[in-house]
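# Structure at a glance
Residue strings, one per chain:
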Amino acid sequence: MVGRELDAVVVGAGFAGMYMLHRLRGMGLAVRVFEAGGEVGGTWYWNRYPGARCDVESVEYSYQFSDELQQEWVWSERYATQPEILRYANHVADRFDLRRDIQFDTRVTAASFDEAAGRWRIATGDGAEVSAAFCIMATGCLSSPNRPQFKGLERFQGATYQTGDWPHEGVDFTGLRVGVIGTGSSAIQAIPLIAQQAPHLFVFQRTPNYAVPAQNAPLDPEVQRKVKANYAALRARAKEGRTGLLYPINPLPASAVSAVEQEREYQARWERGGLGFIGSFVDLLVDRRSNESAAEFIRGKIRAVVRDPAVADALSPRSVVGCKRLCVDIGYYETFNRANVTLIDVNRSPIEEIVAGGVRAGGDEYQVDALVFATGFDAMTGALLRIDIRGAGGRTLKEKWAAGPRTYLGVAIAGFPNLFTITGPGSPSVLSNMLPSIEQHVEWIADAIGHLRARGLGRIEATGEAEQRWVAHVNEVANGTLFPSCNSWYIGANVPGKPRVFMPYIGVPPYVQKCNEVAANGYEGFALSA
Ligand code: NAP
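The shown structure was predicted, so the numbers you read here are calculated from the model rather than taken from an experiment.

### Section: the nonpolar core
Phe15, Ile136, Phe173 and Trp444 are the most contacted members of the largest nonpolar core, which has 138 residues in total. Setting aside its immediate chain neighbours within four residues, Trp444 contacts Leu409, Val411, Phe420, Cys515, Val518, Ala519, Tyr523 and Phe526. In terms of nonpolar packing, the next biggest core, distinct from the first, is built from 22 residues, Val108, Cys135, Ile387 and Trp401 among them.

Here it is as structure tokens:
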């Protein structure tokens, strides 16, 4: 590639960046990928906390663009662990010879559109700059850790860890009193394992979350063989579902069936395990009363497992199930029966400050040797906004998104020609199975670039009107559901000062149809020029 002008720069070598590179290179483009980490894998490179695994089943959380790849790779468990997914990412990098075009340990710090040249200038942390016709952000939706500014943190004398940026050598908590702050998906996976190691674990919970059992198990080779024999049909069926996942959504509303039938369905889904619980009835995310029946079912399970009624009550959410992402657990609630685990409700007794030897909350001091921040991410926009992105006329993305992200289809931004965002805000992304959504975006972007090249064109930009209509539509769809009703990271509520805007688009099939129509109509809503 040396000496050759770059056609495209891709930022990030997670699953999105890897496939984007493969696809564009296959079209004969000169591409360079910049990756801040030392290897491929993105979120699976950074999130190495104990218990990290995917809550989407392994046979679904994988690429489908290459049938040989999906036939040859063997998954060992129903839900793959972080190390196994990272091995898979590395296998893909080897198999498609991706590394030769990826520059690791290199963070992109700025990207600006040079109007005169009609090209992007991309600057990296090592002081270098490259230029490319297209700039593609494959920066991930959950890749910029949220680090709350706790008073006194600098005085803490123990070790601190962030789940989303975990030491590669691992952490041995043997002999250490540990505090975990946060009770989202990451904490819910880490807490049962840390509790087995640490002599004492304090869990600082601000808001309880609903967790359903994973019912994880080794993947039966016969089941895997059948999946592989049927892969194309299964993948096609998954795309018909709201989330792009295979679990069935019961077409009946909970409101139309008796309490006994509701209970039977919830119990069956509970025993099956995983995210499919939210598909128990079609109206769970639109009808509060129906949702409450699912909520009460889970609260009943918590009461049945957790022996101390006060702890069970504190662990029981009152919010809408599925409004925050449903968590999938392995022994989470049981962990609170252990004598070495203490739950501290910091909603009732807020964290006042971190002191040298621990955490002060509600007037009490909890002595810990290590603190784990399981405090989530500046989701969907964080990774984009920490890059100084400047579009036509020098306008920054930060200014443009001051009141919340605005995109056309979650893949393009008016005023930012030739810039694409893979699974950006305004696309199904985090409300879908990420791998197929990544593939859909990558293929759509590659087709758009191919369309330009075939016509001798060099520039594509979303129009302001198309973007305006899309943003209104994203909001309208969200407002027809219960999603905006809680303080989730989907609306940016977890990061102080972040604008409250519902960011993902709800519904894979209509979204994909819209993208296909836009392309079929000659990139409707985009201005194309030389
Ligand atoms: P999260 O769901 O945002 O949870 C963060 C936790 O930290 C919440 O309990 C939050 O409380 C708490 N918190 C944040 N700031 C705090 C503060 N200042 N004081 C006290 N508590 C505070 O983050 P996450 O657990 O990392 O998960 C994020 C997403 O990543 C998930 O929803 C999921 O999409 C993905 N993920 C997936 C898996 C998987 O596949 N199994 C695993 C991990 C993560 P509040 O709720 O009160 O804000």
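### Focus: the sheet that holds strand S7 (residues 159-162)
On the basis of which strands lie adjacent, the open sheet formed by five strands has the order S7-S16-S8-S9-S12 and parallel pairing. Unpaired on one side and paired on the other, S7 and strand S12 (341-345) mark the two borders of the sheet. Put simply, the sheet's adjacent strands are angled 20° from each other on average, direction ignored. With four bridges joining them, S7 and strand S16 (residues 370-373) adopt parallel strand pairing.

### Examining unusual backbone geometry
The residue Asn418 is not glycine, and still its phi comes out positive at about 60°. At Thr423, a position not held by glycine, the phi torsion is positive, near 50°. Structurally, Thr423 is set in the loop between strand S18 (419-421) and helix H14 (434-454). The exposure class of Thr423 is buried, given its relative accessible area of 5%.

### Observations concerning the site of the ligand
Around the ligand sit 23 residues in total, of which Asp55, Ser186, Arg206, Thr207 and Lys324 are the nearest. Take Arg53: an N or O atom from its main chain is 2.9 Å from a nitrogen atom of the ligand. Residue Arg325 places a side-chain N or O atom 3.4 Å away from an oxygen atom belonging to the ligand. Against a free-state accessible area of 910 Å², the protein chains account for coverage of 88% of the ligand. For the shell around the ligand, the element with the highest residue contribution is helix H5 (residues 185-197), accounting for three residues. Taken together, the residues of the shell around the ligand sort by class into nine nonpolar, nine polar and five charged.

### Describing the pairing of strand S8 (residues 177-181)
For a regular strand, side-chain orientation follows a simple rule: the groups alternate between the two sheet faces. When you tally the buried positions in S8, you get four out of five residues, the bulk of the element. Bridge analysis of S8 against strand S9 (residues 200-205) gives five bridges, and the strand direction is parallel. Counted as the bridge partner of Ile181 is Phe204 from S9. Running through H5, the crossover from S8 to the neighbouring parallel element S9 is right-handed.

### Focus: helix H6 (residues 221-229)
Within the span of H6, buried status applies to Gln224, Val227 and Lys228. Mapping the buried residues of H6 onto a view down its axis gives an arc of 95°, with all of them on the same face. Buried positions along H6 lie against helix H3 (67-72) and helix H7 (231-238).

### Digging into the environment of Pro192
Assignment of secondary structure puts Pro192 in helix H5. Ignoring anything within four residues of it in the chain, the contact list for Pro192 reads Ala187, Ile330, Gly331, Tyr332 and Thr335.

### As for the pairing of strand S6 (residues 129-137)
Most of S6 sits inside the fold, with seven of its nine residues counted as buried. Here strand S5 (residues 119-124) folds back onto S6, and the loop between the two strands holds four residues, one of which, Gly127, carries a positive phi near 90°.

### Let's talk about the state of the cysteines
Per the stated rule, a full pass over the model turns up one disulfide. Cys323 shares a disulfide with Cys486; S-S distance 2.2 Å. As the torsion about the S-S bond is roughly -110°, the Cys323-Cys486 disulfide counts as left-handed. Here the residue Cys323 occupies a position in the loop between helix H10 (309-315) and strand S11 (327-329), and Cys486 occupies one in the loop between helix H15 (464-479) and helix H16 (508-520), the gap between them amounting to 163 residues. No disulfide involves Cys141; its nearest neighbouring cysteine sulfur is the one of Cys54, lying 13 Å away. With no disulfide of its own, Cys515 has Cys141 as its nearest cysteine by sulfur position, at a separation of 14 Å. Residue Cys515 is classed as buried on the basis of its relative accessible area of 1%.

### Brief notes about the sheet that holds strand S15 (residues 364-367)
Read across the sheet, three strands follow the order S13-S14-S15 without closing on themselves; strand pairing throughout is antiparallel. Both outer strands of the open sheet, strand S13 (351-355) and S15, are each paired with one neighbouring strand and no more. Direction aside, the axes of adjacent strands within the sheet are offset by 20° on average. As judged from the four bridges shared by S13 and strand S14 (residues 358-361), these two strands associate in the antiparallel manner. Across the sheet, Ile351 pairs through a bridge with Ala361, a residue of S14.

### Here we look at the pattern of salt bridges
As enumerated under the stated definition, the model contains 32 salt bridges in all. In this structure, Asp7 engages Arg453 in a salt bridge whose closest nitrogen and oxygen atoms are separated by 4.0 Å. Of the two residues, Asp7 is situated in strand S1 (residues 6-11) and Arg453 in helix H14; the sequence distance between them amounts to 446 residues. Take Asp7: its relative accessible area is 19%, and that puts it in the buried class.

### Let's talk about the packing of aromatic side chains
All told, the structure shown has 39 aromatic pairs when counted by the stated rule. The interplanar angle of 35° and the centroid separation of 4.9 Å between the aromatic rings of Trp470 and Tyr505 together place this pair among those described as tilted. Of this pair, Trp470 sits in helix H15 while Tyr505 sits in the loop between H15 and H16, and the two are 35 residues apart along the sequence. Owing to a relative accessible area of 3%, Trp470 belongs among the buried residues under this scheme. Cluster of aromatic residues (ring-pair linked, three or more members): Phe15, Tyr19, Trp44, Tyr61, Tyr63, Phe65, Trp73, Trp75, Tyr88 and Phe96.

### Details of the environment of Asn494
Here Asn494 is to be found in the loop between H15 and H16. Accessibility expressed as a relative area gives 17% for Asn494, which makes it buried. The spacing of Asn494 and Phe377 is 117 residues in sequence and 8.1 Å in space, taken between C-alpha atoms. Setting aside residues up to four positions removed in sequence, Asn494 forms contacts with Asn146, Phe377, Ser488 and Trp489. In this structure the side chain of Asn494 is engaged in a polar contact, spanning 2.8 Å, whose partner is the backbone oxygen of Phe377.

Calculation criteria
- Residues numbered from 1 in each chain as written.
- Predicted model: local features only at pLDDT ≥ 70, side-chain atom pairs only at ≥ 80, totals over all residues.
- Heavy atoms only, no water.
- Core = buried A, V, L, I, M, F, W, Y, C linked by side-chain atoms within 4.5 Å.
- Buried < 20%, exposed > 50% of the residue type's maximum accessible area, 1.4 Å probe, protein only.
- Contact = heavy atoms within 4.5 Å.
- Pairing = 2+ DSSP bridges.
- Helix = DSSP H or I, 4+ residues; strand = E, 2+ residues; numbered from the N terminus.
- Axes fitted to C-alpha atoms, helices over the stretch in contact; angles between N-to-C directions.
- Near = heavy atom within 4 Å.
- Polar contact = N/O pair within 3.5 Å; in protein donor to acceptor, adjacent residues only side chain to side chain.
- Areas by Shrake-Rupley, 256 points an atom, 1.4 Å probe, with all protein chains shown as cover.
- Nonpolar A, V, L, I, M, F, W, Y, C, P; charged D, E, K, R; others polar.
- Right-handed = clockwise from strand over helix to strand, strands pointing away.
- Arc of directions from axis to C-beta.
- Disulfide = S-S within 2.5 Å.
- Salt bridge = Lys/Arg side-chain N within 4 Å of Asp/Glu carboxyl O.
- Phe/Tyr/Trp six-rings, centres within 6.5 Å; stacked < 30°, edge-to-face > 60°.

Scope: geometric values only; no functional claims are made or implied.
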